[in-house]
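Remarks on the overall topology
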Amino acid sequence: MAMLLAALTHDIGHPGVNQDFLISTSNHLAHIHGDKSVLERHHCQTGRALLVDSHLLDHLPDTQQQQIVCIMNETILATDMARNAEFMTQFQRVVCSGEVAFTEQQDRMLVCQMLMKCADISNPCRPWIHSRRWSHRIMEEFYRQGDFEKEIGLKVSYDRHTTNMAKAQSGFFEFVGDPLFTLWDQFVSSPLSKQLCRNLDNNKACWDEIFAQVEEQDLETHAQGLDSEDDDEDNVIEDLDMDSEVHSDSSTD
């Protein structure tokens, strides 16, 4: 129950910008929560407020309510990517030792934290047709922040006119998604974990193909002395989507 509640509230009240933006603009959330895990602390606080307002846990003893809130807080705070290396190191040590003591609260909590981290960045592991759509939505959120930064004179983190989405997504899949899900698969070694890893590998290959094709088209365009088209990447993605749908249809015949 605690993990389900944490999953439901782990991004609740997200303002659509990252921690650096909140701190740089002296946002009220940064004043309330300080300069570490600003968003995650905000999600925890908002989730706790909802539990109180809804009286959802009122039927449980106080000690059990406190346990649930503790699990929610610890797992949501673990989704702060600034602490990713910290959790990966801890979990790698546990997995490599082969000694996960589920009787120990510390080990149980670490497993819950890693599970929440997997759920938080699970998009690379969806089937391509769904994963790429969510990648577009995520990048659009980043681009909007870049627009805000440009308007108020801050350093632009993601420029919608110069950032290569395929390169950005492939890099995230390779350096963040793949190590996490490979380690999780090493831990649980289930049919689902292996399918997630296969999906991730396939999706990264798709983004790499898009990046290569767009780069080739840009080179041809520049060689001809023409302006590059902003929709080159979208056209390549549409072609890949059509191939993916054809493959999906044929595999179900």
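Residues numbered from 1 in each chain as written. Predicted model: local features only at pLDDT ≥ 70, side-chain atom pairs only at ≥ 80, totals over all residues. Heavy atoms only, no water.

**Details of unusual backbone geometry**
Even without being a glycine, Ser 26 presents a positive backbone phi close to 55°. The backbone phi angle of Ser 189 is positive, close to 45°, even though this residue is not glycine. Mapped onto the fold, Ser 189 is located in the loop between α9 (165-188) and α10 (191-223). (Helix = DSSP H or I, 4+ residues; strand = E, 2+ residues; numbered from the N terminus.)

**Overview of the environment of Lys 194**
Turning to its location among the elements, Lys 194 is positioned in helix α10. A C-alpha to C-alpha distance of 9.5 Å links Lys 194 and Trp 184, two positions ten residues apart in sequence. Not counting chain neighbours up to four residues away, the residues in contact with Lys 194 comprise Asp 185 and Ser 189. (Contact = heavy atoms within 4.5 Å.)

**Focus: the packing of aromatic side chains**
For the coordinates displayed, the defined rule picks out seven aromatic pairs. Taking the centre distance of 4.8 Å and the plane angle of 25° together, the rings of Phe 142 and Tyr 158 count as stacked. Here Phe 142 is found in helix α8 (residues 128-152), whereas its partner Tyr 158 is found in the loop between α8 and α9, with 16 residues between them in sequence. With 5.5 Å between their ring centres and 55° between their planes, Trp 184 and Phe 187 make a pair best called tilted. (Phe/Tyr/Trp six-rings, centres within 6.5 Å; stacked < 30°, edge-to-face > 60°.)

**A few points about the side chain of Asn 203**
By secondary structure assignment, the location of Asn 203 is in helix α10. Of note is the side chain of Asn 203, whose polar atom sits 2.7 Å from the backbone oxygen of Arg 126. When near neighbours in sequence (up to four residues on either side) are disregarded, Asn 203 contacts Asn 123, Pro 124, Cys 125, Arg 126, Pro 127, Trp 128, Ser 131 and Phe 173. (Polar contact = N/O pair within 3.5 Å; in protein donor to acceptor, adjacent residues only side chain to side chain.)

**Brief notes about the packing of helix α1 (residues 2-9) against helix α7 (residues 105-120)**
How two helices pack is summed up by the angle between their axes together with the distance between the axes. Across the interface, α1 lies against α7 with an axial gap of 11 Å and an inter-helix angle of 35°. As α1 packs across α7, the resulting crossing turns out to be right-handed. Of the residues in α7, those in contact with Met 3, Ala 6 and Ala 7 of α1 are Cys 112, Leu 115 and Met 116. A class-by-class count of the residues in the contact of α1 with α7 yields six nonpolar, no polar and no charged. (Axes fitted to C-alpha atoms, helices over the stretch in contact; angles between N-to-C directions. Left-handed = near helix turned anticlockwise from the far one by under 90°. Nonpolar A, V, L, I, M, F, W, Y, C, P; charged D, E, K, R; others polar.)

**Structural notes on the confidence of the model for the protein**
Per-residue confidence for the protein gives a mean pLDDT of 91, with 87% of residues at or over 70. Scored below 50 in pLDDT, residues 248-253 makes zero contacts in the model with residues more than four places away or belonging to other chains. (pLDDT = per-residue confidence, 0-100.)

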